[in-house]
Amino acid sequence: MNIRQILRPSLREQAAAAERKPKKKPAASPLPKKTTDRLTLSKQALAYISEQNKRAWETPSEGSQDQSSQLKILEKEQKQLDKCLKIASRLRRGDKVPKEDLNYLLKKDPASYMLALSQRREKPDPKTWDSVLDEEDRREAESGDTTLSAASASPGPSTSGSKYIFT
């Protein structure tokens, strides 16, 4: 007997074994297959959505009035914040600020008033500022129930006859 035939299977046996084995699939690519999202809506849901869209398009006047009033409120708050920031920055720099501005800042934003006073720097020659407030702000302050005295709240020296607080 031939040792080669015993140790090595014949070509016929190799071919038969290869047919019996399942074929290997090619290696999967590292990129996932493209998938698309699908949304399926019932007729009832589509009817509801179309009705909501019709309502939104039919009554824009109510929404625009509401938006315009909200916009006016936001503009007013922004102007108020801007004035408070100007007053507080002037206080921090150690400049002279009118009493009415200090009262306005103390009334509208007491936290920034206290912060500005705590961060105040002394200046050898402080600048004297005019008031930041408009006539509308002054009228609002006069019509307020309580008027806060910034001179009594201010720890710095003040002059009784002057309209400015020296801080």
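### Let's talk about the pattern of salt bridges
Evaluation of the coordinates by the stated rule reveals nine salt bridges. Put simply, aspartate 95 and arginine 93 hold a salt bridge, and the shortest N to O gap is 3.6 Å. Aspartate 95 sits in the buried class, given a relative accessible area of 1%. Between lysine 123 and aspartate 95 there is a salt bridge whose closest N-O contact spans 2.7 Å. Residue lysine 123 is located in the loop between helix H6 (110-118) and helix H7 (135-143), and its partner aspartate 95 is located in the loop between helix H4 (60-93) and strand S1 (97-98); the two are separated by 28 residues in the primary sequence. On the accessibility criterion, lysine 123 (36% relative accessible area) is partly exposed. Linked by salt bridges that have partners in common, Lys83, Asp134 and Asp137 make up one network.

### So, the side chain of aspartate 137
Checked against the element boundaries, aspartate 137 lands in helix H7. Of the polar contacts made by the side chain of aspartate 137, one reaches the side chain of lysine 83; its length is 2.2 Å. Excluding its chain neighbours within four sequence positions, the residues that come into contact with aspartate 137 are Lys83 and Tyr104.

### Brief notes about the layout of surface pockets
Space inside the second largest pocket adds up to approximately 190 Å³. As for the second largest pocket, its lining consists of Lys76, Lys79, Gln80, Lys83, Tyr104, Lys108, Asp134, Glu136, Asp137 and Glu140. Mapped by element, the contributors of at least two residues to the lining of the second largest pocket are H4, helix H5 (99-108) and H7. It is H4 that contributes the most residues to the lining of the second largest pocket, four residues altogether. Residues that form the lining of the second largest pocket fall into these classes: one nonpolar, one polar and eight charged.

### A short note on the packing of aromatic side chains
Tallied over the full model, the rule gives zero aromatic pairs. Sitting above the plane of the tryptophan 129 ring, arginine 90 keeps its charged end 3.7 Å from the centroid. When the ring centre of tryptophan 129 is taken as reference, the NZ or CZ atom of lysine 127 above it lies at 4.0 Å.

### Overview of the nonpolar core
Counting residues in each nonpolar core, the largest one holds 14 residues, and the members touching the most others are Ile87, Leu91, Val97, Leu102, Tyr104, Leu105 and Tyr113. Counting residues per element, the ones that place at least two in this core are H4, H5 and H6.

### A short note on the side chain of lysine 83
Inspection of the secondary structure puts lysine 83 in helix H4. Side chain to side chain, lysine 83 and aspartate 134 meet in a polar contact 3.1 Å long. When neighbours within four sequence positions are excluded, lysine 83 is seen to be in contact with Tyr104, Val132, Leu133, Asp134 and Asp137.

### Regarding the packing of H5 against H6
At their nearest, the axes of H5 and H6 sit 5 Å apart, and the two run at 125° to each other. The orientation of H5 relative to H6 falls into the category oblique. Residues Leu102, Leu105, Leu106, Lys107 and Lys108 of H5 form the contact with H6, whose participating residues are Pro110, Ser112 and Tyr113. Across the contact of H5 with H6, the residue classes break down as five nonpolar, one polar and two charged.

### Points about the confidence of the model for the protein
Averaged over every residue, the pLDDT of the protein is 78; the share at 70 or more is 68%. Here helix H8 (residues 150-153) stands out as the element of the protein with the lowest mean pLDDT, 43, in contrast to H6, whose mean of 94 is the highest. Note that residues 145-162 has pLDDT below 50 and, in this model, 22 contacts with residues that lie over four places away or in other chains.

The rules we used
- Residues numbered from 1 in each chain as written.
- Predicted model: local features only at pLDDT ≥ 70, side-chain atom pairs only at ≥ 80, totals over all residues.
- Heavy atoms only, no water.
- Salt bridge = Lys/Arg side-chain N within 4 Å of Asp/Glu carboxyl O.
- Buried < 20%, exposed > 50% of the residue type's maximum accessible area, 1.4 Å probe, protein only.
- Helix = DSSP H or I, 4+ residues; strand = E, 2+ residues; numbered from the N terminus.
- Polar contact = N/O pair within 3.5 Å; in protein donor to acceptor, adjacent residues only side chain to side chain.
- Contact = heavy atoms within 4.5 Å.
- 1 Å grid on protein atoms, 1.4 Å probe; cavity = no way out; pocket = protein on both sides within 12 Å on 5 of 7 lines; lining within 4 Å.
- Points joined across faces, edges and corners; volume = space filled by probe spheres on them.
- Nonpolar A, V, L, I, M, F, W, Y, C, P; charged D, E, K, R; others polar.
- Phe/Tyr/Trp six-rings, centres within 6.5 Å; stacked < 30°, edge-to-face > 60°.
- Lys NZ or Arg CZ within 6 Å of the ring centre and 35° of its normal.
- Core = buried A, V, L, I, M, F, W, Y, C linked by side-chain atoms within 4.5 Å.
- Axes fitted to C-alpha atoms, helices over the stretch in contact; angles between N-to-C directions.
- Parallel < 35°, antiparallel > 145°, perpendicular 65-115°, else oblique.
- pLDDT = per-residue confidence, 0-100.

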